[in-house]
Amino acid sequence: MAKISFFALGGLDERGKNLYCIEVEQDIFIFDAGTKNPERGILGIDVVISNFDYLKENRARIKGIFITKPSDECSEALTYMLKELAVPVYGSDLTCNVLKFHLQRFKVRGKEECFNVINAKDVLDFGTCQVEVFSTTTNMPNSFGFALHTPDGTIIYTGDYIFDAKADPNFATDLQHLNQIVAKNKVLLFLSEASTASRRDYTAPNHKIKNYIERAVKEAEGRIILACFDQDLHKISELFDLVRENNISVGIYGQTLLESLKVLSDSNKLNFNGINIKGLQEAVKEEKSLIIVTGSGERLYSRLIKIASGNDDILDIKESDMIILATPPNPGSELNHANVLDELARTVAKTIALSDKKVWTMTASYEDVKLMSSIIKPKYFIPVKGLYKDFVQAKTAAIEAGINPDHIFIVDNGDGVEFVDCEYTKTTNKVKTADLYVDGIGVGDIGSVVLNERKQLATDGVVIIGVSIDGKTKELVSLIDTQMRGVIYIQENNDIFRKMQKVIIDIIEKHYKKAVAGEMYDVNEVKNEIRLTISSFVKTETGKTPIILAIVNEI
């Protein structure tokens, strides 16, 4: 019998940043390692990842990181984690190749050997525990769920999933294999994704876009420019069906999607029959072609705004073009989505935007959660990947599937749920969790001070003061240079600069007199007094509290 503990470093009561850990005695198994979009008001931050100090401190106990699919919320954090952790990573050939491409882009060297390609039905042996791989239906082909077999029973983590009886074989859930896993093993715990459990009914067939764009593609007189996220490969497969029917060539605008399609072509995991993919430069010059514009999260919207405003080097919008925004906004990106729609409306092309009310994300809805729970029949149930309101809905679905309400736990990041001898024992705040902000290539080096300064710059601006003094006598030897940016509009007859210069001269002369009298002269003390005095002065004169930069040169 073993002591088993589940906890999350991210992904509970939030959208994205999924990172789930299971400890079986001294062994640690990690499932997914994703990012999330920064909240509004957090300026200059690219993405947010989980603080993984606990994993760094216990790296010797980590048996592996198991990735369900190569999407932002499931795997993008690995790009930053592998800089400091050299641990095995397990995923499909698509997952491993996309993540290796990301490592190259971010110049992370020497970590390619960490990746291990796995396939459905593989059973990975880790001594007392084994991890069995099964196929799931998501927005990417060859997506996996994992069954962790422990001495006290099996723990199942599905990642994203839906039920679609008409799914292409490369996207289909292997229900026969999943039933075999459940039949052969008693399931101790089911970790079910619940990000869209608030949606009633099943997700299928609401996830398909073909019916909404088929007519537009057939009737388009010129190029079709379709925008979607890198991970929307199910949408790409539907597009390929339309391409075959209408005999048009395809251009890909997005290196990550190109890498993904190359892997899928080599492994026959997507039907490329009748698909004529041309170079982007060639495809954009054709009278009628399909240009697929992709990106990951913020990058897709930035690219679209650049194209819509006419500042893109490759793609110019023409009056005959048809633009289709095929991806409803992800949580946290609604404002960017609205801005893109506004920019596209200013162009000469016709624009179609698919709504999330019509096209659902390929994640489990209420009936999907209920059906999966009834198939797996776990003793205990914990909803993951979503907000608290989604967890409540998933709990209701699990109860309807026959799970004991007392065996369902809704927990927060860091809460450790412990099981001993197949029985739940306690829930404790066990592991420290926090957000790590990624700014460019910097990870975790953006603290609250920097973020507050960015907010201050955005709302109140900056005042820059430059002055030179004699290095020996400490006497003022130059004019005082004062500059304002983002504070107020300065008109010619505004005497605020003259008043500021008088205040600064008084401070310099005061310290000069102290130096003449033989008292200790500290240039840093002069700078601090200028900053504090000018800050108070500007607040009185303008009502603003800008950042004050004081430069005192000793010459």
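The model shown is predicted, which means the values in this text are computed figures rather than measured ones.

Engineer: Please clarify how the layout of surface pockets should be interpreted in this entry.
Structural biologist: In this approach the atoms are scanned with a rolling probe the size of a water molecule, which exposes any empty space left behind. By volume, the second largest pocket amounts to about 370 Å³. If you trace the second largest pocket, you find 21 residues lining it, with K208, H234, S237, E238 and D241 closest to the centre. If one sorts the elements of the lining of the second largest pocket by residue count, helix α7 (residues 233-246) sits on top with six residues.

Engineer: Teacher, can you tell me more about the packing of aromatic side chains here?
Structural biologist: Each aromatic ring pair is specified by the distance between its two centres and by the angle formed by the two planes. One pass over the structure, following the stated rule, counts 21 aromatic pairs. Ring centres 6.4 Å apart and planes at 25° place the aromatic pair F6 and Y20 in the stacked group. Of this pair, F6 sits in strand β1 (residues 3-10) while Y20 sits in strand β2 (residues 19-24); the two residues are 14 residues apart in sequence, bridging distant segments of the chain. Given a relative accessible area of 1%, F6 falls into the buried group. Using a relative accessible area of 0% as the deciding quantity, one classes Y20 as buried.

Engineer: Please clarify how the pattern of salt bridges should be interpreted in this entry.
Structural biologist: Between side chains of opposite charge, pairing is possible as soon as their charged atoms come close. Scanning all chains against the criterion turns up 32 salt bridges. Salt-bridge contacts for K17 lead to D435; the nearest nitrogen and oxygen are separated by 3.1 Å. Note that K17 is positioned in the loop between β1 and β2 and D435 in strand β22 (residues 435-439), a separation of 418 residues in sequence. Among the residues examined, K17 registers a relative accessible area of 1% and is labelled buried. D435 sits in the partly exposed class, given a relative accessible area of 33%. E23 is the salt-bridge partner of R61, the closest N and O atoms lying 3.3 Å from each other. Of this pair, R61 sits in the loop between α1 (53-57) and β5 (62-66) while E23 sits in strand β2, placing them 38 residues apart in sequence. Exposure remark for R61: the relative accessible area of 18% places this residue in the buried category.

Engineer: Would you take a moment to explain the domain arrangement of the protein chain for this structure?
Structural biologist: By a widely used convention, the size of an interface equals the accessible area lost when the partners come together. The domains assigned to the protein chain are domain 1 (3-202 + 361-443), domain 2 (209-353) and domain 3 (448-554). Between domain 1 and domain 2, the contact holds 21 residues from the first and 22 residues from the second. Surface buried jointly by domain 1 and domain 2 totals about 2000 Å² across both partners, of which 56% is contributed by carbon and sulfur atoms. Its largest share of buried area at the contact with domain 2, domain 1 owes to N37, F101 and N139, together 23% of the area lost on that side. At the junction of domain 1 with domain 2, the criterion picks out one salt bridge. The closest approach of N and O atoms between E76 and R299, which form a salt bridge, is 3.3 Å. Our count for the contact surface shared by domain 1 and domain 2 stands at six residue pairs in polar contact (both at pLDDT 80 or more).

Engineer: What is the right way to look at the sheet that holds strand β17 (residues 322-325) in this model?
Structural biologist: Hydrogen bonding along the main chain pairs the strands of a sheet, whether they run parallel or antiparallel. With parallel pairing, six strands are arranged side by side in an open sheet as β15-β14-β16-β13-β17-β18. Here the strands that pair on one side only, and so sit at the sheet edges, are β15 (277-278) and β18 (350-353). The strands touched by α7 within the sheet are β13 (224-229), β14 (249-253), β15 and β16 (289-295), with β16 carrying the most contacts at an inclination of about 175°.

Engineer: Would you mind showing me how to read the pairing of strand β25 (residues 481-485) here?
Structural biologist: Each regular strand carries side chains that alternate between the two faces of the sheet. Burial along β25 is one-sided: T482 and M484 are buried, and none of D481, Q483 and R485, which face the opposite way, are. Bridge analysis of strand β24 (residues 462-469) against β25 gives five bridges, and the strand direction is antiparallel. By the bridge assignment, I464 is partnered in β25 with Q483.

Engineer: Just to check I follow, could you spell out the packing of helix α15 (residues 496-516) against helix α16 (residues 523-542) for this structure?
Structural biologist: Packed helices, taken two at a time, are described by the angle their axes make and the gap between the axes. Orientation of α15 relative to α16, taken along the N-to-C sense of each, is 150°, at an axis distance of 10 Å. Taken together, the axis directions place α15 and α16 in an arrangement best described as roughly antiparallel. Crossing angle aside, the handedness with which α15 passes α16 is right-handed. Residues I496, K499, M500, V503, I504, I507, I508, K510 and H511 of α15 touch α16, and the partners they reach there are E525, V526, E529, I530, T533, I534, F537, E541 and T542.

Conventions adopted
- Residues numbered from 1 in each chain as written.
- Predicted model: local features only at pLDDT ≥ 70, side-chain atom pairs only at ≥ 80, totals over all residues.
- Heavy atoms only, no water.
- 1 Å grid on protein atoms, 1.4 Å probe; cavity = no way out; pocket = protein on both sides within 12 Å on 5 of 7 lines; lining within 4 Å.
- Points joined across faces, edges and corners; volume = space filled by probe spheres on them.
- Helix = DSSP H or I, 4+ residues; strand = E, 2+ residues; numbered from the N terminus.
- Phe/Tyr/Trp six-rings, centres within 6.5 Å; stacked < 30°, edge-to-face > 60°.
- Buried < 20%, exposed > 50% of the residue type's maximum accessible area, 1.4 Å probe, protein only.
- Salt bridge = Lys/Arg side-chain N within 4 Å of Asp/Glu carboxyl O.
- Domains from an automatic or database assignment.
- Contact = heavy atoms within 4.5 Å.
- Buried area = accessible area lost by both parts, 1.4 Å probe.
- Polar contact = N/O pair within 3.5 Å; in protein donor to acceptor, adjacent residues only side chain to side chain.
- Pairing = 2+ DSSP bridges.
- Axes fitted to C-alpha atoms, helices over the stretch in contact; angles between N-to-C directions.
- Parallel < 35°, antiparallel > 145°, perpendicular 65-115°, else oblique.
- Left-handed = near helix turned anticlockwise from the far one by under 90°.

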